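# Observations on the model geometry
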Amino acid sequence: MLQSIALTFGSEEVLTKLMAAHPDREFVLLANSTGDDDGLQLLDVSGQPSIFATHFDYRVNCHQGVNDWHGFFEFSYFEFNQDTADVFEAKANRLAANPLPTGLRALYLLTKVNDRGSYILLTQWDNSQSYTLWRHSPVFTPLDRYATSANHFHSAGYKRATIKAVQ
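This text gives an overview of the structure that appears in the document. (Residues numbered from 1 in each chain as written. Predicted model: local features only at pLDDT ≥ 70, side-chain atom pairs only at ≥ 80, totals over all residues. Heavy atoms only, no water.)

### Quick word on unusual backbone geometry
Phi is positive for asparagine 114, close to 70 degrees, though the residue is something other than glycine. Within the secondary structure, asparagine 114 is located in the loop between β6 (104–112) and β7 (118–125). In this structure, histidine 152 is a non-glycine residue whose phi angle is positive, near 50 degrees. As for its placement among the helices and strands, histidine 152 is situated in the loop between α4 (141–144) and β8 (154–160). (Helix = DSSP H or I, 4+ residues; strand = E, 2+ residues; numbered from the N terminus.)

Right, here's the structure in full:
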């Protein structure tokens, strides 16, 4: 089971050079779903210590689903105090313990290393429409109360990036 994910952001040139320099790593290059060329994110899903100069490291608290890293990716970011974090994590774990909704390929609950209150709920979907349907369904209701500005909630959608040319 994958125990950690490191991520960074950058230009296609920088990120593809980094990928080429470390062929032993399993990378997932993602493009912001808005089509913004500056919205590239690189995930290192090798589970090894990060090699990124500027990076965010996350512990995988729970995972359910596939490990194929294809489809539409939704990153939902939250920040909590300890009491709220414990309740949120319990609800997210219950969600992951049930059968995944239609179109949901994988669910990862990630906690930022060295910041126990910073979470990412990373969901991997067949497509963005499946995510939108789930986000507005009763299945999401237990988490809906956390998706507020009081919890520094924000989200971003990504798809696999098409690499023009590795330098």
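### Description of the side chain of serine 130
Take serine 130: it is sitting in helix α3 (residues 128–135). Those residues in contact with serine 130 that sit more than four places away from it in its chain are Thr102, Gly103 and Trp125. (Contact = heavy atoms within 4.5 Å.)

### Section: the packing of aromatic side chains
Enumeration according to the criterion identifies 19 aromatic pairs in this entry. A centroid spacing of 5.1 Å and a plane angle of 40 degrees characterise the contact between phenylalanine 78 and phenylalanine 153, whose relative ring orientation is tilted. Placement of the pair is phenylalanine 78 in strand β5 (residues 72–79) and phenylalanine 153 in the loop between α4 and β8, with a sequence separation of 75 residues. Look at phenylalanine 78 and you get buried, because its relative accessible area is 2%. Centroid distance phenylalanine 80 to phenylalanine 88: 4.7 Å. Interplanar angle 40 degrees. Geometry classified as tilted. In this pair, the class of phenylalanine 80 matches that of phenylalanine 88, namely buried. (Phe/Tyr/Trp six-rings, centres within 6.5 Å; stacked < 30°, edge-to-face > 60°. Buried < 20%, exposed > 50% of the residue type's maximum accessible area, 1.4 Å probe, protein only.)

### Re the nonpolar core
Grouped together as the largest cluster of nonpolar side chains are 22 residues, with contacts concentrated most on Phe78 and Phe88. Elements represented by at least two residues in this core include exactly β5, α2 (82–97), β6, β7 and α3. Considering each element in turn, this core owes the most residues, five residues, to α2. Once residues within four sequence positions are removed from consideration, phenylalanine 88 is found in contact with Phe78, Phe80, Leu109, Tyr119, Leu143 and Tyr146. Judged by nonpolar contacts, the second largest core, of 20 residues, contains Val28, Leu43, Leu110 and Ala156. (Core = buried A, V, L, I, M, F, W, Y, C linked by side-chain atoms within 4.5 Å.)

### Let's talk about α2
The end-to-end C-alpha distance of α2, which contains 16 residues, comes to 22 Å, matching closely the 22 Å that a straight helix rising 1.5 Å per residue would cover. Those residues of α2 that sit buried are Ala85, Phe88, Glu89, Ala92, Leu95 and Ala96. When α2 is viewed along its axis, its buried side chains cluster within an angular range of 120 degrees and face the same direction. Exposed side of α2, more than 90 degrees from the buried face: Asp83, Arg94 and Ala97 are the residues found there. Looking at the buried positions of α2, the neighbouring elements they touch are β4 (56–65), β5, β6, β7, α3 and α4. N-capping of α2 is provided by asparagine 81, with a side-chain oxygen placed 3.2 Å from the backbone N of aspartate 83. (Expected span 1.5 Å × (residues − 1). Arc of directions from axis to C-beta. Polar contact = N/O pair within 3.5 Å; in protein donor to acceptor, adjacent residues only side chain to side chain.)

### Describing the pairing of β5
Counting buried positions along β5 gives seven out of eight residues, so the element sits mostly inside the fold. Relative to β7, β5 is paired through eight bridges, and the arrangement is antiparallel. Across the sheet, residue glutamate 74 finds its bridge partner in β7, namely threonine 123. (Pairing = 2+ DSSP bridges.)

### A look at the sheet that holds β5
Taken together, the eight strands give a closed barrel; going around it, the order is β1-β3-β2-β8-β5-β7-β6-β4, and neighbouring strands pair in antiparallel fashion. Within this sheet the neighbouring strands show an average axis-to-axis angle of 30 degrees, counted without direction. Note: β6 against β7, seven bridges, orientation antiparallel. The partner of leucine 110 across the bridge, within β7, is isoleucine 120. Packed on one face of the sheet, α2 meets β4, β5, β6 and β7 and runs near 160 degrees to β6. The strands touched by α3 within the sheet are β5 and β7, with β7 carrying the most contacts at an inclination of about 125 degrees. (Axes fitted to C-alpha atoms, helices over the stretch in contact; angles between N-to-C directions.)

What is shown is where atoms sit, not what they do.
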